[in-house]
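So the chains spell out like this:
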Amino acid sequence: GENVEQHPSTLSVQEGDSAVIKCTYSDSASNYFPWYKQELGKRPQLIIDIRSNVGEKKDQRIAVTLNKTAKHFSLHITETQPEDSAVYFCAASRGFKTIFGAGTRLFVKA
Amino acid sequence: NAGVTQTPKFQVLKTGQSMTLQCAQDMNHEYMSWYRQDPGMGLRLIHYSVGAGITDQGEVPNGYNVSRSTTEDFPLRLLSAAPSQTSVYFCASREQSHTEAFFGQGTRLTVV
């Protein structure tokens, strides 16, 4: 079946450094790739997304890149801040079916 | 707007009991889905629906039933609860296939 692998499972960075989270997907028909942030005890919320006809998208300190040939996409957070500490999920969608990665717990140390 | 509302927030069941987790959205979204969240395993799709009267299985459908009689509601039924179903359950809705999914606040279910 469809699968999304996400790495690393835990990431610890110093405030101000960059953080990179990587995902690979198995379904070559996937064409929408959202990223969600989940703070402790709260619901996941969308932070950025990218469609398959775009290679890169940026929103302030957050950027996502997509390599469809390699079936690989990544989240980049620059100038990290303590409030960026959370669990981040990547996902791959085909039509209305969305499969999530296992999540990355990001710690930003002040 | 309330968005996506799930009830209850917490529930403890005994093995073998049945119950229904409720999910309602007021955004007129066609697409709704149920996920379970377990430590280290992310969000796994249980069932989803692309409109009233239409449902389909996700990654982990066994032990769960769904129905979609209205656009607004998408209940998840556990017919005979098992300890392996202890998890946090999230309902989500979206307007179209390539748009943001809005999640409910989650239901923490414990089966003893």
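Residues numbered from 1 in each chain as written. Chains lettered and ligands numbered in written order. Predicted model: local features only at pLDDT ≥ 70, side-chain atom pairs only at ≥ 80, totals over all residues. Heavy atoms only, no water.

(A) Highlighting the overall build of chain A. For chain A, the helix and strand inventory stands at zero helices and 11 strands. Expected size for 110 residues packed as a compact globule is a radius of gyration near 13 Å; at 13 Å, chain A falls within 12% of this value. For chain A, the spread of C-alpha atoms along the principal axes amounts to about 40 × 25 × 20 Å. Here chain A holds 110 residues, and 44% of them are scored as buried. Considering only contacts within chain A whose residues lie at least 6 apart along the sequence, 53% involve residues at least 24 apart. Taken as a whole, chain A presents about 5400 Å² of accessible surface, with 46% of it coming from carbon and sulfur. Each charge class in chain A can be summarised by its mean position, and for the 14 positive and 12 negative side chains these summaries are 6 Å apart. (Helix = DSSP H or I, 4+ residues; strand = E, 2+ residues; numbered from the N terminus. Rg over C-alpha atoms; globule rule 2.2 N^0.38 Å. Buried < 20%, exposed > 50% of the residue type's maximum accessible area, 1.4 Å probe, protein only. Contact = heavy atoms within 4.5 Å. Areas by Shrake-Rupley, 256 points an atom, 1.4 Å probe, with all protein chains shown as cover. Lys, Arg positive; Asp, Glu negative; His and termini not counted. Charge placed at Lys NZ, Arg CZ, Asp CG, Glu CD.)

(B) A look at the state of the cysteines. Considering all chains together, one arrives at two disulfides over all chains under this definition. Here Cys23(A) engages in a disulfide with Cys90(A); their sulfurs sit 2.0 Å apart. Residues Cys23(A) and Cys90(A) are joined through a disulfide that is left-handed, its torsion about the S-S bond being -100°. Here Cys23(A) is found in strand E3 (residues 19-25), whereas its partner Cys90(A) is found in strand E9 (residues 86-94), with 67 residues between them in sequence. Residue classification places Cys23(A) among the buried residues on the basis of a relative accessible area of 1%. Take Cys90(A): its relative accessible area is 0%, and that puts it in the buried class. Here Cys23(B) pairs with Cys91(B) through a disulfide, and the sulfurs are 1.9 Å apart. Taking the sign of the S-S torsion, about -70° here, the bridge from Cys23(B) to Cys91(B) comes out left-handed. Placement of Cys23(B) in strand E3 (residues 19-25) and of Cys91(B) in strand E9 (residues 87-94) is noted, with a sequence separation of 68 residues between them. (Disulfide = S-S within 2.5 Å.)

(C) Representation of unusual backbone geometry. For the bond from His7(A) to Pro8(A), the omega torsion is -5°, close enough to zero to count as cis. With respect to the helices and strands, the residue Pro8(A) is situated in the loop between strand E1 (4-7) and strand E2 (10-14). The omega torsion of the bond from Thr7(B) to Pro8(B) falls at -5°, within 30 degrees of zero and hence cis. Secondary-structure assignment places Pro8(B) in the loop between strand E1 (4-7) and strand E2 (10-13).

(D) Up close: the nonpolar core. Judged by nonpolar contacts, the single largest core of 24 residues is most densely connected at Trp35(A), Phe73(A), Leu75(A) and Leu106(A). Of all the elements in the fold, those that place two or more residues in this core are E2, E3, strand E4 (32-38), strand E5 (45-51), strand E7 (62-67), strand E8 (72-77), E9 and strand E11 (104-109) of chain A. Ala81(B), Tyr89(B), Cys91(B) and Leu109(B) belong to the second largest nonpolar core, which has 18 residues in total. (Core = buried A, V, L, I, M, F, W, Y, C linked by side-chain atoms within 4.5 Å.)

(E) Region of the structure containing the interface of chain A and chain B. Contact with chain A, which involves 18 residues of that partner, is made by 24 residues of chain B. In total, about 1900 Å² of surface goes out of reach between chain A and chain B, with carbon and sulfur atoms giving 57% of it. Taken together, the links from chain A to chain B amount to nine residue pairs in polar contact (both at pLDDT 80 or more). Every element with two or more residues in the side of chain A that touches chain B is listed here: E4, E5 and strand E10 (97-100) of chain A. Broken down by element, the residue count for the side of chain A that touches chain B peaks at four residues, all from E10(A). Taken together, the residues of the side of chain A that touches chain B sort by class into nine nonpolar, five polar and four charged. (Buried area = accessible area lost by both parts, 1.4 Å probe. Polar contact = N/O pair within 3.5 Å; in protein donor to acceptor, adjacent residues only side chain to side chain. Nonpolar A, V, L, I, M, F, W, Y, C, P; charged D, E, K, R; others polar.)

Note that every value here comes from positions in space, so none of it alone points to a role or purpose.
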